[in-house]
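As a plain string of letters, each chain reads:
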Amino acid sequence: MAGRFLGRALAAVSLSVALASVTVRPAGRRRIPACSSSFSSSWFHLDTNSMSGSNGSKENSHNKARTSPYPGSKVERSQVPNEKVGWLVEWRDYNPVEYTAVSVLAGPQWADPQIRNPAGRTGLVGRGLLGRWGPNHAADPIITRWKRDSSGNKILHPVSGKHILQFVAIKRKDCGEWAIPGGMVDPGEKISATLKREFGEEALNSLQKSGAEKREIEEQLHKLFSQEHLVIYKGYVDDPRNTDNAWMETEAVNYHDETGEIMDNLTLEAGDDAGKVRWVDISNRLKLYASHSQFIRLVAEKRDAHWSEDCETDGQGS
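Nothing here was measured: the structure is a model prediction, and the numbers come from that model.

## Notes on the nonpolar core
- Ile142, Phe167, Ile282, Phe295 and Ile296 are the most contacted members of the largest nonpolar core, which totals 36 residues.
- Listing elements by their share of this core, those giving two or more residues are strand 4 (134-146), strand 5 (165-172), strand 6 (178-179), strand 8 (230-237), strand 9 (246-256) and helix 7 (292-302).
- At 5 residues, helix 7 tops the list of elements feeding residues into this core.

## Points about the pairing of strand 2 (residues 97-101)
- Counted residue by residue, strand 2 has 5 buried out of 5 residues, so it is predominantly covered.
- In strand 2, alternate side chains face the same way, and those of Val97, Tyr99 and Ala101 on one face and Glu98 and Thr100 on the other are all buried.

## With respect to unusual backbone geometry
- With an omega dihedral of -5 degrees, the bond running from Ser68 to Pro69 counts as a cis peptide bond.
- Within the secondary structure layout, Pro69 lies in the loop between strand 1 (22-26) and strand 2.
- Of note, the phi angle at Asn205 is positive, near 55 degrees, even though the residue is not glycine.
- Examined against the element boundaries, Asn205 turns out to sit in the loop between helix 4 (191-203) and helix 5 (211-225).
- For Asn205, a relative accessible area of 10% corresponds to the buried category.

## Some points on the side chain of Gln166
- In this structure, Gln166 sits in strand 5.
- Using a relative accessible area of 9% as the deciding quantity, one classes Gln166 as buried.
- Side chain to side chain, Gln166 and Asp281 meet in a polar contact 2.8 Å long.
- Non-local contacts of Gln166, meaning those with residues more than four positions away in its chain, are made with Ile143, Thr144, Arg145, Trp146, Lys147, Trp279, Val280, Asp281 and Ile282.

Parameters at a glance
- Residues numbered from 1 in each chain as written.
- Predicted model: local features only at pLDDT ≥ 70, side-chain atom pairs only at ≥ 80, totals over all residues.
- Heavy atoms only, no water.
- Core = buried A, V, L, I, M, F, W, Y, C linked by side-chain atoms within 4.5 Å.
- Buried < 20%, exposed > 50% of the residue type's maximum accessible area, 1.4 Å probe, protein only.
- Helix = DSSP H or I, 4+ residues; strand = E, 2+ residues; numbered from the N terminus.
- Polar contact = N/O pair within 3.5 Å; in protein donor to acceptor, adjacent residues only side chain to side chain.
- Contact = heavy atoms within 4.5 Å.

As structure tokens, then:
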């Protein structure tokens, strides 16, 4: 997801470049201005209930955005304890490290550099690996089908008694974590176009196909992406690339192949930023990139599919 966006923004960052040439300096006593109007985002919708862990704890809604080292670098964030994440909590000694990758600095700058992360402190100021100040918009297509046996019958989980849902997952090249095959929204691009394009490029390797193969892929994707769908989440993402001044926001949308016939005509093949691609059974045991596990949990709830082997928890949709 990151590679495509940064390349188009003239801000592509490779691991070797990031490690060899970075701009890192203490922020000193730099004062971060009040939010004012720059705080708002047209996409912002931070639902701490849906973005928390499966146990309902809200303390997990802003964890990955505070992890060190920063992706693609050796930069360590200033540590931010849970009780001091929120901007409304006074912290006179807050002294975050400042970091923006050199190749990002070489690209164009957008928006107001004083904008503040709506979820709170991250221990890092600057843009890190993100091309834009403020929200960096992405789209995450969650493609699902029912797990079936050799006879084509939907499989029930032996504990929860619910049907098992599968989704297409990719293994990211940049961090090695499994994720939804999403990507960044190009300027002026409709979300629906981003969702279809990114899925084709990352999960079907459409960029490397011949003209005839591309037309066949496009035909099948049109069938899948033109049917009814569920907008699972829209808003802030707890992403390891987030900083105090730049962060990820996404629209996660579920396209479900009820019979499995559409996806049966498409061969999964990793491409673009994906190292591997495969169908993955949905359950609470999934460990995915950024906030993707929470998105997948919401899909399971919406489709009334298996999520947890704890029957009581599963019945409550947690």
